[in-house]
Amino acid sequence: MKRAGFFRNGISLVIIFSLIYDISFSGLNGFTTARLAFLFLVFTNVSRLDIIIKEYGYFLLFMIAVMFLALVQSFYSHDTTQLSRLFFFIIYCLASSLLVNFQVGDSARLQLLFLSAISFQSLVLIYVFFNPSLKLVLSNYIITGANYGPENLYRSFGLTSSSGAALSLIQGLGFGLGLYMLHTGQKRYRWAVLIMSVLCISSTIFVGRTGLVVSIIFLAAYVSISLSILSIIKYGLVFLVISYFSVGGILERNLQSIKGFSTDYFFTWISEGIQIRDNKTANALMNEQPIPELTFQTLLIGTGTVSVDGQNTSGHDSGYVQTYYSLGLVLTFLFYLLVVHFMKSHFRSRDNRLLYFLIMVMLLLEAKEPFLFKYREGFIIFSLLFSLHRGRYLFLK
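The present account deals with the structure reproduced in this document. All of these numbers come straight from a predicted model, not from anything done at the bench. (Residues numbered from 1 in each chain as written. Predicted model: local features only at pLDDT ≥ 70, side-chain atom pairs only at ≥ 80, totals over all residues. Heavy atoms only, no water.)

On to the overall build of the protein, then. On a plain count of helices and strands, the protein comes out with 17 helices and four strands. For the protein, buried positions account for 51% of its 397 residues. Pairs at least 24 apart in sequence give 74% of the contacts found in the protein among residues at least 6 apart. On the protein, roughly 19,900 Å² of surface is accessible, and the fraction owed to carbon and sulfur atoms is 67%. (Helix = DSSP H or I, 4+ residues; strand = E, 2+ residues; numbered from the N terminus. Buried < 20%, exposed > 50% of the residue type's maximum accessible area, 1.4 Å probe, protein only. Contact = heavy atoms within 4.5 Å. Areas by Shrake-Rupley, 256 points an atom, 1.4 Å probe, with all protein chains shown as cover.)

Here's what the structure looks like:
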C-alpha cells in the first residue's frame, strides 16, 4: 500500500510540475509537458468530465461564446492570439484545476505537492543562476519566451518555458502557499514547508521582480494575521541578522564570483522593482503606454488583434488593455466580472479573507500583464481553492 501511495504521489507531482511549468522542447513543435499532463488527466478521468461542465456552468458557456467570437475575429484580423488565450484558459485554468484535484484526492497532499514542485524549480533556478554556463545548455533543449538570452547574467533559466515576470510570479505564489500552510498549522511537515518557502522567495530574486513583490505582499499579510507583536519583533530581528550575513557576505561573494557580474546593478535593479515611489514599471504603464482610444469597434466587438508580426498591437502591457483592445470593452468587463463572480460564489466560506485577498492580488497583477492568460496563475489559484472547499464538492472526496 505504501509503495502504491508513493507511486501515485510521484505521478501527481510530475503532472503538477508539468502543468505549472509547461516545458516546450526544441525540435518538437506542439509537444509540451502541460499538454501531455492534461491528456493524461482527461484519459484517467473520462467518467468525470461531465462534472467540469456542471461545475462551471454559465461561466463555461460564456467562455465558449467569447471564444467563438474570437474565432470569427481571427478570419479578418489574421491573429489567433486571443483565440488561443481563451482556449488554453479553459483547458488549463478551468478544466485542469478540477482534474488535478480528482488525481490527488486530498487537500493537504495537493498543497504539499504544489509546494514541492515549485520549490524544486526554485533549487534549479538558484543553481543555474550561479552557474551561467548551464543557461546555454538549457536554452539548447528548452524553448522559452524570454526577451533575453542565456548571456544575460541577471536572470536565471529553469526547467520551464516560462521566464521573467510570469516565472517569478509562479515562485511567489509558491511562497504564498507555503505561508498559508504554516498559518494553518500543518505541524507534520512544518520545517520542510518553511525551508521550501524560503527557497521559493529566494528564487524570485534571480528571475524577476514581480514574484518578489507578490512575496512581500504575502509575507505582510501573513505577519499581520498569524503573528503577535512579540513574535514580529523576534522574527524580525532574526531576519535582519540572517539578511545581513547572507546578503552582505555569502550571497555577495557568490555573485562576485560570476564573471562580468555587477552586484551594484543587480541590487539596484531589484530595489527599483519594489520601491513604492517613482516605480518605473508603474510609470511605464500609466504614462509611457497610452490606452487605445475608445471607439465604436473597441467598445463592442474589439479589433481581434493582440499581436501581429510579434508586435503588441494595443501598445500596452496590461492584461485589461490587451483584452479590451482585442475583444472590446463590454466583453472584457464581463469576462473579469464573471471570473470574480465565479470565485466568490463557489469558494465562499465563513472566513472569506483568503478568497478576497487572492482576488485582489489577481486583479492587481492583471493590471501589469495578462497573467490570467498565461494560465499558471489561474491554474494554481483555482486548484488550491477547489482543494480548500472539498467539503462542498462530494465528487472530490
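A positive phi angle, near 60 degrees, is found at H78, a position not held by glycine. Note on H78: relative accessible area 69%, which makes it exposed. Here the phi dihedral of Y375 falls at roughly 70 degrees; this positive angle occurs in a residue that is not glycine. With respect to the helices and strands, the residue Y375 is situated in the loop between α16 (353-366) and α17 (376-388). Y375 gets classed as buried once you look at its relative accessible area, which sits at 13%.

Position of E377 relative to the elements: it lies in helix α17. Although E377 is buried, it makes no salt bridge; K374 carries the closest opposite charge, 9.4 Å away. Setting aside residues no more than four positions away along its own chain, E377 makes contact with L169, L173, M362, L365, F371 and L372. (Lys, Arg positive; Asp, Glu negative; His and termini not counted. Salt bridge = Lys/Arg side-chain N within 4 Å of Asp/Glu carboxyl O.)

Attention now moves to the packing of aromatic side chains. All told, the structure shown has 26 aromatic pairs when counted by the stated rule. Ring centres 4.9 Å apart and planes at 75 degrees place the aromatic pair F335 and Y336 in the edge-to-face group. Exposure class is identical for F335 and Y336. Each is buried. Each residue in the set Y56, F59, F89, Y320, F335, Y336, F342, F347, F373, F382 and F386 is aromatic and connected to the rest through ring pairs, giving one cluster. Here the basic side chain of R48 rests over the ring of F102, its NZ or CZ set 4.7 Å away from the ring centre. (Phe/Tyr/Trp six-rings, centres within 6.5 Å; stacked < 30°, edge-to-face > 60°. Lys NZ or Arg CZ within 6 Å of the ring centre and 35° of its normal.)

This part is about the environment of I20. Position of I20 relative to the elements: it lies in helix α1 (residues 2-21). Classification of I20 by relative accessible area gives buried; the value is 0%. With 94 residues separating them in the primary sequence, I20 and F114 have C-alpha atoms 8.9 Å apart. Residues in contact with I20, not counting those within four places in the same chain, are F114, I118, I170, R376, F379 and I380.

Looking at where Q82 falls in the secondary structure, it is placed in helix α4 (residues 81-104). Classification of Q82 as buried rests on a relative accessible area of 1%. Residues in contact with Q82, not counting those within four places in the same chain, are A70, V306, T323, S326, L327 and F373.

One finds Y56, F89 and M343 to be the most contacted residues of the largest nonpolar core, which totals 111 residues. No other element matches α4, which puts 15 residues into this core. When neighbours within four sequence positions are excluded, F89 is seen to be in contact with F59, M63, L94, F335, V339, L372, F373 and Y375. (Core = buried A, V, L, I, M, F, W, Y, C linked by side-chain atoms within 4.5 Å.)

With that settled, the discussion passes to helix α9 (residues 209-226). In this model, α9 (18 residues) spans 25 Å end to end at C-alpha, consistent with the 26 Å of a helix rising 1.5 Å per residue. Every buried residue of α9 is listed here: T210, G211, L212, V214, S215, F218, A221 and Y222. (Expected span 1.5 Å × (residues − 1).)

Taken N-terminus to C-terminus, the directions of helix α3 (residues 49-77) and helix α15 (residues 329-347) make an angle of 165 degrees; their axes are 10 Å apart at the nearest point. Judged by the angle between their axes, α3 and α15 are roughly antiparallel. The element α3 and its partner α15 pack so that their crossing is left-handed. Listed contacts from α15 to E55, Y56, Y58, F59, F62, M63, V66 and L69 of α3 are L331, L334, F335, L338, V339, H341, F342, S345 and H346. For the contact of α3 with α15, the class distribution of residues is 13 nonpolar, three polar and one charged. (Axes fitted to C-alpha atoms, helices over the stretch in contact; angles between N-to-C directions. Parallel < 35°, antiparallel > 145°, perpendicular 65-115°, else oblique. Left-handed = near helix turned anticlockwise from the far one by under 90°. Nonpolar A, V, L, I, M, F, W, Y, C, P; charged D, E, K, R; others polar.)

With that out of the way, let us pick up the pattern of salt bridges. What the rule picks out here adds up to four salt bridges. Linking R376 and D22 is a salt bridge whose minimum nitrogen-to-oxygen distance equals 3.1 Å. Taken together, the positions of R376 in helix α17 and D22 in the loop between α1 and β1 (24-25) put the pair 354 residues apart, joining distant regions of the chain. The pair formed by R376 and D22 is uniform in burial state, with each residue classed as buried.

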